[in-house]
Amino acid sequence: MTESGGLIRSDALPSVLEHMEDLKKRLRNKRPVVFIDYDGTLTPIVDRPERADLPAETRRVLRVLSDKCPVAIVSGRDLADVRNRVAVEKIHYAGSHGFEIAGPDGQIELQQGRDCLPSLDQAEKALRQGLASIPCCQIERKRFAIAVHFRRAAADQFAGIAAVVNEVAAGYRDLRRTGGKMILELRPAADWDKGRALQWILRQWQLGGKDVLPLYLGDDLTDEDAFRCLRRTGVAILVRDEVRPTAAHYAVENPDEVQRFLQELAVLLP
Ligand SMILES: O=P(O)(O)OC[C@H]1O[C@H](O[C@H]2O[C@H](CO)[C@@H](O)[C@H](O)[C@H]2O)[C@H](O)[C@@H](O)[C@@H]1O
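Residues numbered from 1 in each chain as written. Predicted model: local features only at pLDDT ≥ 70, side-chain atom pairs only at ≥ 80, totals over all residues.

Enquirer: Looking at this structure, I do not really get the site of the ligand. What am I missing?
Expert: Surrounding the ligand, one finds 24 residues, the nearest of these being Tyr38, Asp39, Pro49, Ser75 and Gly76. Elements that contribute at least two residues to the shell around the ligand include exactly strand E8 (138–142) and strand E9 (145–149). When residues of the shell around the ligand are assigned to domains, at least three map to each of domain 1 (3–108 + 192–268) and domain 2 (113–188). (Near = placed C-beta within 6 Å. Helix = DSSP H or I, 4+ residues; strand = E, 2+ residues; numbered from the N terminus. Domains from an automatic or database assignment.)

Right under this line is the structure:
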């Protein structure tokens, strides 16, 4: 096992499905709170973002689990989009990487996100203009982020797409450019991410105590912010699709294994 700065190589992580007994022990006298990413975790990665549908069986498992413990979906997608895709009423949802959060009791938007809306609107126009001539380059506007998808673009167009995104990003001090799986994104430069959103939700639910065990499942670099928050106090599970350093404790191999894990977890709970 290689460790550096608290990180471990993803291919050295143990499978959580082979360690359910350990989890059972950790859950003795504790209540779990389950946080789950959407794309690549609950659904397989597909060519078009609008085609990433939640399998009906996964929705059924989420219903059963959310009847037994608090569940939150934490996504880079727009809040309304991810909420419609999952469509389980009891769940909390965080969209736009946590800049907008909704639960059964209401909805909040981060003020630092709202302050950036004029810049996001202008940047979206500039991106649409700058990228209009590149075939298969898809722009997805979320309330508090703009994703430029290049999964279906030709490889020799990648550098040109990045140049346009970088040039637009340079025009807005209140936006920052980030990356993901075959996407480049512009989002508010505020100090807020999935980890901060997770901590906010735990406080909101008054679940910060020692009798709570937070779990987080995710596949992408943005999920590492949440993994780091749970390094000492929770259980972080990576959907492992590449070899890279990670702050996770365990791995699963794909969304099918995520579904199986959630099902097995639900069985462990009263
Ligand atoms: O935080 P997540 O819920 O994992 O969202 C991250 C991004 O996911 C989506 O894009 C990714 O999935 C698409 C569908 O499988 C795929 O086509 C794309 O290449 C991936 O990057 C979503 O469209 C983005 O808005 C999210 O930020």
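Enquirer: Got a minute to help me understand the sheet that holds strand E10 (residues 175–180) in this structure?
Expert: Strands pair in a sheet through their backbones, by hydrogen bonds, and they do so in one of two ways: parallel or antiparallel. Overall, antiparallel pairing links the four strands, which are arranged E8-E9-E11-E10 in an open sheet. A strand with exactly one partner marks an edge of an open sheet, and here the two such strands are E8 and E10. On average, each strand axis in the sheet is tilted by 20° relative to the strand beside it, whichever way the strands run. Contacts between helix H5 (residues 117–131) and the sheet are confined to E8, E9, E10 and strand E11 (183–188), with E9 contributing the most and set at about 15° to the helix. The sheet strands contacting helix H6 (residues 158–170) are E9, E10 and E11, and the helix crosses E10 at an angle near 155°. (Pairing = 2+ DSSP bridges. Axes fitted to C-alpha atoms, helices over the stretch in contact; angles between N-to-C directions. Contact = placed C-beta atoms within 7 Å.)

Enquirer: Just checking my understanding: could you explain the nonpolar core for this structure?
Expert: A general trend in soluble globular proteins is that nonpolar side chains are found buried together. Among the nonpolar cores identified, the biggest contains 49 residues, and Phe35, Ile73, Leu198, Tyr216 and Ile237 are the most heavily contacted of them. If one sorts the elements of this core by residue count, strand E13 (residues 235–239) sits on top with five residues. In contact with isoleucine 73, other than residues within four places in its own chain, are Ile36, Tyr38, Val82, Val86, Ile91 and Tyr93. In terms of nonpolar packing, the next biggest core, distinct from the first, is built from 22 residues, Leu110, Ala123, Phe144 and Leu175 among them. (Core = buried A, V, L, I, M, F, W, Y, C linked by C-beta atoms within 7 Å. Buried ≥ 20, exposed ≤ 12 C-beta atoms within 10 Å, placed from the backbone.)

Enquirer: Quick question: what am I supposed to make of the packing of helix H2 (residues 56–68) against helix H9 (residues 255–268) here?
Expert: Any two packed helices are characterised by the angle at which their axes cross and by the distance between the axes. Viewed as axis vectors pointing N to C, H2 and H9 meet at an angle of 30°, and their least axial separation amounts to 9 Å. Compared by their axis directions, H2 and H9 come out roughly parallel. Between H2 and H9 lies a crossing of left-handed hand. Of H9, the residues touching H2 (which contributes Glu57, Thr58, Val61, Leu62, Val64, Leu65 and Lys68) are Gln259, Leu262, Gln263, Leu265 and Ala266. Residue composition of the contact of H2 with H9, grouped by class: seven nonpolar, three polar and two charged. (Parallel < 35°, antiparallel > 145°, perpendicular 65-115°, else oblique. Left-handed = near helix turned anticlockwise from the far one by under 90°. Nonpolar A, V, L, I, M, F, W, Y, C, P; charged D, E, K, R; others polar.)

Enquirer: What exactly am I supposed to notice about the packing of H5 against H6 here?
Expert: Two numbers describe how H5 lies on H6: the axes approach to 10 Å, and their chain directions differ by 150°. Put simply, H5 runs roughly antiparallel to H6. Along this stretch, H5 crosses H6, giving a crossing that reads as right-handed. For the pair H5 and H6, contact is made by Ala123, Ala126, Leu127, Gly130 and Leu131 and by Ile161, Val164, Val165 and Val168, respectively.

Enquirer: For this particular structure, what's the right way to read unusual backbone geometry?
Expert: A negative phi holds for most residues other than glycine; trans holds for most peptide bonds. Phi at alanine 87 takes a positive value of approximately 55°, unusual for a residue other than glycine. Structurally, the position occupied by alanine 87 is in the loop between helix H3 (79–86) and strand E5 (92–95). For alanine 87, a count of 12 C-beta atoms within 10 Å translates into the label exposed. Its identity as a non-glycine residue notwithstanding, serine 96 has a phi of 50°, on the positive side.

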